[in-house]
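Notes for the structure review
As a plain string of letters, each chain reads:
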Amino acid sequence: MFTMINNIWKWLYSKRNEVAQLQYRDLLMAQIVMEIMNVNDGNGFEYLPLDSLRQLHPVDNREDTIASTELRSKTIERKRKALIKKKRLSKEDVAELMPSVTYMRAIPAKDGYIVFEGNGRLVALQNVLSGHGVLVELDVYRPTRHAAILRKIKRLSRYY
């Protein structure tokens with residue numbers, strides 16, 4: 001329990017620079033994520049094609065996020081050949097490349113999967129490894145109200 005609370009505080013602290021930039025869309029996004037996490041039929045780790053993943057939100061609209069994504073892309077670029085050869089990046093591989101408090105999380109969508117946690121990591125991976133058939137291990141959630149969640153995500157995308 002202490003570890004979970006500690007991880008939450010670390011995550012909140014890492015987001016401190018973004019607080020002043022919060023907008024309505026961020027509140028909607030937080031509501032969507034909370035619903036996915038709290039009202040679901042379970043979750044589990046699965047290997048998914050990198051090219052089938054899309055972002056819940058853009059990562060090119062805040063200076064801190066842009067800088068973080070560029071740094072992550074450079075880290076991946078240094079290991080590009082080995083990662084392409086490996087073809088399967090475990091959650092541990094991703095955590096080693098791009099440390100974070102959480103693993104990347106996604107939900108199924110009509111045309112692949114929507115990543116709702118780890119969008120910066122996703123973009124960094126796609127910047128370097130797209131088109132090479134790489135699989136990435138993500139924590140996949142199955143929201144109970146899946147259709148309603150997808151409608152909310154569609155509405156959220158209009159705000160970006």
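1. Remarks on unusual backbone geometry
The backbone phi angle of Lys87 is positive, close to 70°, even though this residue is not glycine. For Lys87, the location among the structural elements is in the loop between helix H4 (80-86) and strand S3 (88-89).

2. Let's talk about the side chain of Thr102
Along the polypeptide, Thr102 turns up in the loop between helix H5 (91-97) and strand S4 (105-109). Look past the residues within four positions of Thr102 in its chain and what remains in contact with it is Glu117 and Arg121.

3. Structural notes on helix H6 (residues 119-129)
Judged by how many residues are buried, H6 sits mostly within the fold: 10 of 11 residues are covered. For H6, the full list of buried residues reads Asn119, Gly120, Arg121, Leu122, Val123, Ala124, Leu125, Gln126, Val128 and Leu129. Those residues of H6 that are buried lie in contact with strand S2 (53-55), helix H3 (63-78), H4, S3, strand S5 (112-117) and strand S6 (135-143). With its phi angle positive at about 80°, Gly131 sits one or two positions after the end of H6.

Calculation criteria
Residues numbered from 1 in each chain as written. Predicted model: local features only at pLDDT ≥ 70, side-chain atom pairs only at ≥ 80, totals over all residues. Heavy atoms only, no water. Helix = DSSP H or I, 4+ residues; strand = E, 2+ residues; numbered from the N terminus. Contact = heavy atoms within 4.5 Å. Buried < 20%, exposed > 50% of the residue type's maximum accessible area, 1.4 Å probe, protein only.

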